Amino acid sequence: MDNGASSYRRFRESGDDSGLIEIIKDYRDGLIFYLNSIVGNIHTAEELAEDTFVLLGTKKPRDKGNGSFKTWLYTIGRNIAINYLKKSSKRKEISIDDSIELKSQIDLEENYIKEERKVILHRCMQKLKSEYRQILWLVYFEDFSLKDTAKLLKISSHNAETLVYRARKSLKKELETEGFIYEEL
């Protein structure tokens, strides 16, 4: 597989719906968790991922070919999430449903992450600044290269390296406060 580009090309140029279905199957979960690192709510992240795939299916934007398909797709999702945050920051209301969603999110995450070490790691990741969560998620969980991560976040490669260093240092500090010692950080 060439990272989704051929499936998207097949969908975009030939109208083959199975290409879009393949992309959704391959990238849905990773995109949701990446968007969750931006918005901090798994249900909202699911909706934003759906919006990303709807945009692909309806507007059929062109991939300029500057990076991998995954980088391009995550960039679209990131832009949608940023627009969502801009719109939602204007609203100051907090409903009871939001607190219920937060509890559901924690329950969902704890069911998904079965080992205790992963639960602690995930909790500590949520305490980090958004930019730290994003870069750690992309580099360590999605296996993006620093070059692709820098391109996605629209920063230089050097800034990406610095951000990864600071994010790892911050995560290590959070893990230590939880009593967790992880030597590879």
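The rules behind the values
- Residues numbered from 1 in each chain as written.
- Predicted model: local features only at pLDDT ≥ 70, side-chain atom pairs only at ≥ 80, totals over all residues.
- Heavy atoms only, no water.
- Salt bridge = Lys/Arg side-chain N within 4 Å of Asp/Glu carboxyl O.
- Helix = DSSP H or I, 4+ residues; strand = E, 2+ residues; numbered from the N terminus.
- Buried < 20%, exposed > 50% of the residue type's maximum accessible area, 1.4 Å probe, protein only.
- Axes fitted to C-alpha atoms, helices over the stretch in contact; angles between N-to-C directions.
- Parallel < 35°, antiparallel > 145°, perpendicular 65-115°, else oblique.
- Contact = heavy atoms within 4.5 Å.
- Phe/Tyr/Trp six-rings, centres within 6.5 Å; stacked < 30°, edge-to-face > 60°.
- Lys NZ or Arg CZ within 6 Å of the ring centre and 35° of its normal.
- Core = buried A, V, L, I, M, F, W, Y, C linked by side-chain atoms within 4.5 Å.

Participant: It is not clear to me how the pattern of salt bridges should be interpreted in this structure. Could you clarify?
Facilitator: Side chains carrying opposite charge are able to pair once their charged atoms draw close together. For the coordinates displayed, the defined rule picks out seven salt bridges. Glu22 is paired through a salt bridge with Arg10; the nearest N and O atoms lie 2.8 Å apart. On the criterion of sequence distance, the pair formed by Glu22 in helix α2 (residues 17-39) and Arg10 in helix α1 (residues 5-14) is long-range, its members being twelve residues apart. For Glu22, a relative accessible area of 32% puts it in the partly exposed group.

Participant: Where do I start with the packing of helix α7 (residues 130-141) against helix α9 (residues 157-177) in this structure?
Facilitator: Any two packed helices are characterised by the angle at which their axes cross and by the distance between the axes. Running from amino to carboxyl end, α7 crosses α9 at an angle of 105°, the nearest separation of the two axes being 9 Å. Looking at the two axes, α7 sits roughly perpendicular to α9. Taking contact as the criterion, the partners of Glu131, Tyr132, Ile135, Leu136, Val139 and Tyr140 in α7 are, on α9, Ala160, Leu163, Val164, Arg166, Ala167, Arg168, Ser170 and Leu171.

Participant: How should the packing of aromatic side chains be read in this particular structure?
Facilitator: Within a pair of aromatic rings, the relevant descriptors are the distance that separates the centres and the angle that separates the planes. For the coordinates displayed, the defined rule picks out nine aromatic pairs. Between Tyr8 and Trp72, the aromatic rings sit 5.2 Å apart at their centres with planes inclined by 50°, giving tilted as the arrangement. With a gap of 64 residues between them, Tyr8 in helix α1 and Trp72 in helix α4 (residues 69-89) connect regions that are remote in the sequence. There is no split in this pair, since Tyr8 and Trp72 are both buried. Clustering of aromatic rings is evident, with ring pairs tying together Tyr8, Phe11, Tyr27, Phe69 and Trp72. Positioned above the aromatic ring of Phe11, the side-chain terminus of Lys60 is 4.9 Å from the ring centre.

Participant: Sorry, what's going on with the environment of Ile42 here?
Facilitator: Along the chain, Ile42 turns up in helix α3 (residues 42-59). Sequence-wise, Ile42 and Ile32 are ten residues apart; in three dimensions their C-alpha atoms are separated by 7.3 Å.

Participant: Where do I start with unusual backbone geometry in this structure?
Facilitator: Trans peptide bonds make up most of the peptide bonds, and negative phi angles are found at most residues other than glycine. Backbone geometry at Lys60 places phi at a positive 45°, although glycine is not the residue there. Residue position: Lys60 is located in the loop between α3 and α4.

Participant: Hey, could you run me through the nonpolar core in this one?
Facilitator: Grouped together as the largest cluster of nonpolar side chains are 47 residues, with contacts concentrated most on Tyr34, Leu35 and Leu56. Looking at this core, the elements with two or more residues in it are α1, α2, α3, α4, α6 (116-127), α7, α8 (146-153) and α9. Here Leu56 is in contact with Tyr8, Phe11, Leu20, Ile23, Pro61, Trp72, Leu73 and Ile76, once residues within four sequence places are set aside.

Participant: Help me out: how do you make sense of the environment of Arg9 in this one?
Facilitator: Tracing the backbone shows Arg9 in helix α1. Residue classification places Arg9 among the partly exposed residues on the basis of a relative accessible area of 42%. Separated by 54 residues in the primary sequence, Arg9 and Asp63 place their C-alpha atoms 9.1 Å from one another.

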